[in-house]
Amino acid sequence: MSDDAAARTGTSEASRVRLRSVLAQMPDYKPGKPASAPAGVTAYKLSSNENPFGPLPSVVAAITDAASTVNRYPDMAVTALTQRLARALDVPAECLALGTGSVAVLSQIVSAACDAGDEVVFAWRSFEAYPIVAQLAGAKPVMVGLDADQRHRLDAMFAAVTDRTRVILICTPNNPTGPCVHAAELDAFLDRVPSDVLVVVDEAYVEFVRDPEAVRGLEVWRERPNVVVLRTFSKAYGLAGLRVGYAVAHPPVAAALRKTATPFGVNSLAQVAAIASLDAFDELNERVESLVAERDRVSLALADQGWKLPQSDANFVYFPLGAESGDFARACEEAGLMVRQYGDDGVRVTIGETEANTRLIAVAEEFGAR
Ligand SMILES: *Cc1c(COP(=O)(O)O)cnc(C)c1O
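Parameters and conventions
- Residues numbered from 1 in each chain as written.
- Predicted model: local features only at pLDDT ≥ 70, side-chain atom pairs only at ≥ 80, totals over all residues.
- Heavy atoms only, no water.
- Near = heavy atom within 4 Å.
- Polar contact = N/O pair within 3.5 Å; in protein donor to acceptor, adjacent residues only side chain to side chain.
- Areas by Shrake-Rupley, 256 points an atom, 1.4 Å probe, with all protein chains shown as cover.
- Nonpolar A, V, L, I, M, F, W, Y, C, P; charged D, E, K, R; others polar.
- Helix = DSSP H or I, 4+ residues; strand = E, 2+ residues; numbered from the N terminus.
- Buried < 20%, exposed > 50% of the residue type's maximum accessible area, 1.4 Å probe, protein only.
- Expected span 1.5 Å × (residues − 1).
- Contact = heavy atoms within 4.5 Å.
- UniProt positions renumbered as here; feature names shortened; annotations may be inferred.

**Some details on the site of the ligand**
Taken together, 13 residues surround the ligand, and among them Ser 102, Tyr 205, Thr 232, Ser 234 and Lys 235 come closest. Between a nitrogen atom of the ligand and a side-chain N or O atom of Asp 202, the distance comes to 2.7 Å. Contact with the protein chains removes 94% of the 390 Å² of surface that the ligand exposes when unbound. Here the shell around the ligand is composed, by residue class, of 5 nonpolar, 5 polar and 3 charged.

In structure tokens form, the structure reads like this:
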């Protein structure tokens, strides 16, 4: 920066400001790449696990109606949505805590449970927000590698628990690798974990799960006072742009989450859109079914080509390509498919429009199965 520019933006003074040193150690969150493609090729954004379908007309109508009230603050207690959700899930309203996406709710959980230096245990690779949320709260991320099938190693996670552990995150299905944790293995794990450690079951993709052995978060929550279930309207419900997610927690934990929330966080458009989406569940569920069918079509086609990919119970597939990840991501992008590369670990591709999925099958065939 030139001296003039530095003077205009006040950089020279600002550089003396003391910020938390943890920020310098934290990676920037990398958003999914926007769609872009060579001339003449339609680009598809398959990099953020978004729902390819736009909002339902009934949802757009609810948002449009509420637009005329945005001079007012939203309902801080999120009353109507909480009531509607309690009915949909068959849980008491006092057990729900809403937030601006489930990432924000997770950050409320960690700030409610962790003092500086306390530990948050989770699998790796898993959701990229986990280490960021832990570090921002002043907690220490403890990352436990996945097994060769890209699944959680719950024994190793149990071994990582210390007297500083306050939160354990279980991502099922695991983003970005795809497999879900099984009910029996989670039960055995929870029998051993100290009952004063909060165990968060992150079910962001629960609507896409078809594995009969999969964890059912709400059933586990009903049995265990130290379990919290995290869900979101961003994926199956297609409301990623409005930012609304929630926790199902036992009353003392739910109350703590309301204390750690940003006041008036869940905006009025998000509140009405989420209610309209719950009202239109059957219609939305047809879309979920079609995405599950597409995931299964893609998974089968890749298996037929000889690919050995981890089983996905979510709306994405994962290619654990190691050092070849960059080559594969480039091949996808040259074909107009924006995908998510995880360094030299692998590449995650969201199940999107039928045409995009078909193109992925073609790119994978051309690349050659691994
Ligand atoms: C997408 C995702 C979320 C949800 O994020 P929102 O903040 O609700 O949009 C949470 N957990 C995992 C594992 C995810 O992949």
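Continuing now.
**Observations concerning unusual backbone geometry**
Residue Arg 125 is reached from Trp 124 by a cis peptide bond, and omega for that bond is 5°. Locating Arg 125 in the fold gives a position in the loop between strand S3 (119–124) and helix H7 (129–136). The amide bond that connects Thr 172 to the next residue, Pro 173, takes the cis arrangement and shows omega of -5°. With respect to the helices and strands, the residue Pro 173 is situated in the loop between strand S5 (165–171) and helix H9 (183–192). Its identity as a non-glycine residue notwithstanding, Val 78 has a phi of 50°, on the positive side. With respect to the helices, strands and loops of the structure, Val 78 is situated in the loop between helix H4 (57–67) and helix H5 (79–89). Given a relative accessible area of 7%, Val 78 falls into the buried group.

**Things to note about helix H15 (residues 354–367)**
If you check H15, its first and last C-alpha atoms are 20 Å apart, about what 14 residues at 1.5 Å a residue would give, namely 20 Å. Taken as a whole, H15 has its buried residues at Ala 356, Asn 357, Arg 359, Leu 360, Ile 361, Val 363, Ala 364 and Phe 367. Tucked into the core, H15 has its buried residues touching strand S1 (44–45), helix H13 (281–304), strand S9 (316–319), helix H14 (325–334), strand S10 (337–338) and strand S12 (346–350). Phi for Gly 368, located one or two positions after H15, is positive at around 100°.

**Things to note about the UniProt feature "modified residue: N6-(pyridoxal phosphate)lysine" (unreviewed entry) in the protein chain**
In this numbering, the UniProt entry assigns the feature "modified residue: N6-(pyridoxal phosphate)lysine" (unreviewed entry) to Lys 235. In this view, Lys 235 contacts Ser 48, Asn 49, Asn 51, Ala 204, Tyr 205 and Phe 208; residues no more than four positions away in its chain are not counted. Within the structure, Lys 235 has its side chain in polar contact with the side chain of Tyr 205 (distance 3.2 Å).

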